[in-house]
Amino acid sequence: MHIILGGTGRVGSATARALLDAGQKVTIVSRDRDHGAALKQAGAQIAEVNIRNVDALRDVFRTGTRGFLLNPPAEPSGDTDKEERENMAAIISALEGSELEKVVAQSTYGAFEGERCGDLTVLHAFEKALREQPIPAAINRGGYYMSNWAGMVEPVKESGVLLSFFPANLSIPMVAPRDLGKAAARRLLSGTEDVGITHIEGPERYTANDVAAALAKVIGRDVQVQEIPREVLEETFRSFRFSEEAAASYACMTRRMIDGKTNTADEPVRGKTTLQNHIASILG
């Protein structure tokens, strides 16, 4: 039995489906049982548990042999770094005495030791905590999620303008959640000696201009990129109802991506889903 945290989100559900397709048993951990209805229909079990309930989460872990660990993103209207670090601490605590034989954790390109730079620092702390506990831990660092562009689709349909936090011609590693799910499933099924960090991205790197072209092809209208200057990132995030703390963290992450500090010198595992195919699946 594989226990999947974040199993109703994009990466967690992709991991669950890859395991189910391989004939594996899966339990999805969710705060809301109804959110897992489609996966339950596909054969998964649903455990309705808040991950902050350490004892209850540990009890679910004890029903399985391996676990996929995803630290769920906090609502940007609050202090995302504080909330996500508390989630992380609860997950790590629940592993103690869980008797899992291996875990696979989802992390991010560019994770580094520090404070208040969103996922880059929170997930680095998660990685460190996993290395310091006894269960063998495989860590998958993913590139920028192609699905992050999904929230732009409806505004682009109306205006023909794609807002971008990145320079239009900046090439960055991107990856589809589907490919991250397949990669996680492979490591959940591999031996306990398969541990440490692996980087995962799509078949090639893409720019905001590539995203605009992919959208234009699917929606049938011209799409132009409008860059958001780096000096107004915090202001822009606040205009999207982010808290002061969340706006600062997301701006930090964005600037590090722009400056190339989230790239990797390691040879990545490359998924097969192209940006064009992912955009088409969003709008299909």
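Structural data are supplied above this passage.
Everything numeric in this text was worked out from a predicted model, so none of it was measured.

K.L.:
I'd love a proper account of the state of the cysteines, names of residues and values included.
P.N.:
Following the criterion strictly, the structure yields one disulfide and no others. Disulfide pairing is shown between Cys117 and Cys252; the S-S distance is 2.0 Å. Classification of the bridge connecting Cys117 and Cys252 rests on its S-S torsion, roughly -100 degrees, and on that basis the disulfide is left-handed. Of the two residues, Cys117 is situated in the loop between strand E5 (102–108) and helix H5 (119–132) and Cys252 in helix H10 (residues 244–258); the sequence distance between them amounts to 135 residues.

K.L.:
Account for the pattern of salt bridges, with residues named and values stated.
P.N.:
Throughout the structure, instances matching the rule amount to 19 salt bridges. Across the pair Glu115 and Arg85 runs a salt bridge whose closest N-O atoms are separated by 3.8 Å. A residue pair is termed long-range when its members are at least 10 positions apart, and Glu115 in the loop between E5 and H5 and Arg85 in helix H4 (residues 80–95) qualify at 30 residues. One salt bridge in this structure joins Lys128 and Glu132, with 2.7 Å as the shortest N-O distance. With Lys128 and Glu132 both in helix H5 and four residues apart, the pair spans about one turn of that helix. For Lys128, a relative accessible area of 35% gives the class partly exposed. Among the charged side chains, a network of salt bridges with common partners joins Arg52, Lys82, Glu83 and Glu86.

K.L.:
Any chance you could break down the side chain of Glu84 for me, citing the residues and the numbers?
P.N.:
Relative to the helices and strands, Glu84 resides in helix H4. It is Arg85 that comes nearest to the buried, bridge-free Glu84 among opposite-charge side chains, at 8.0 Å. Dropping the residues within four chain positions of it, Glu84 is found in contact with Asn71, Pro72, Pro73, Ala74, Asp119 and Val122.

K.L.:
Give a description of the sheet that holds strand E6 (residues 137–142) that names residues and reports values.
P.N.:
The parallel open sheet is built from eight strands, whose spatial order is E3-E2-E1-E4-E5-E6-E10-E12. Either end of the sheet is taken by a strand with one partner, and the two such strands are strand E3 (45–48) and strand E12 (269–270). The pairing of strand E1 (residues 2–5) with strand E2 (residues 26–30) spans four bridges and is parallel. Considered in E2, the bridge of Ile4 is made with Ile28. Along the sheet face, helix H1 (residues 10–21) touches E1, E2, strand E4 (66–69) and E5 and points at about 160 degrees away from the line of E1.

K.L.:
Describe helix H11 (residues 275–283), naming the residues involved and giving the relevant values.
P.N.:
Those residues of H11 that sit buried are Leu275, His278 and Ile279. The buried side chains of H11 occupy one side of the element, clustering within an arc of 100 degrees when seen end-on.

K.L.:
Go over the packing of helix H3 (residues 54–61) against H4, please, and point to the residues and values.
P.N.:
In helix packing, the relevant descriptors are the interaxial angle and the interaxial distance, both defined with respect to the helix axes. Packing of H3 against H4 leaves a shortest axis separation of 8 Å and a crossing angle of 50 degrees. Taken together, the axis directions place H3 and H4 in an arrangement best described as oblique. Relative to H4, H3 is oriented so that their crossing is right-handed. Each of Val54, Leu57, Arg58 and Phe61 in H3 lies in contact with H4, whose residues at this interface are Ala90, Ile91, Ser93, Ala94 and Leu95. A breakdown of the residues in the contact of H3 with H4 according to their chemical character gives seven nonpolar, one polar and one charged.

K.L.:
Let's hear about a positive patch on the surface: which residues, and what values?
P.N.:
A contiguous patch of positive charge on the surface is contributed by Arg178, Lys182, Arg186 and Lys272. Mapped onto the elements of the fold, Lys272 is located in the loop between E12 and H11. On the basis of relative accessible area, Lys272 is assigned to the exposed category, the value being 77%.

Calculation criteria
Residues numbered from 1 in each chain as written. Predicted model: local features only at pLDDT ≥ 70, side-chain atom pairs only at ≥ 80, totals over all residues. Heavy atoms only, no water. Disulfide = S-S within 2.5 Å. Helix = DSSP H or I, 4+ residues; strand = E, 2+ residues; numbered from the N terminus. Salt bridge = Lys/Arg side-chain N within 4 Å of Asp/Glu carboxyl O. Buried < 20%, exposed > 50% of the residue type's maximum accessible area, 1.4 Å probe, protein only. Lys, Arg positive; Asp, Glu negative; His and termini not counted. Contact = heavy atoms within 4.5 Å. Pairing = 2+ DSSP bridges. Axes fitted to C-alpha atoms, helices over the stretch in contact; angles between N-to-C directions. Arc of directions from axis to C-beta. Parallel < 35°, antiparallel > 145°, perpendicular 65-115°, else oblique. Left-handed = near helix turned anticlockwise from the far one by under 90°. Nonpolar A, V, L, I, M, F, W, Y, C, P; charged D, E, K, R; others polar. Patch = residues over 30% accessible without salt bridge, like charges linked within 9 Å, V, L, I, M, F, W, Y side chains within 5 Å. Areas by Shrake-Rupley, 256 points an atom, 1.4 Å probe, with all protein chains shown as cover. Charge placed at Lys NZ, Arg CZ, Asp CG, Glu CD.

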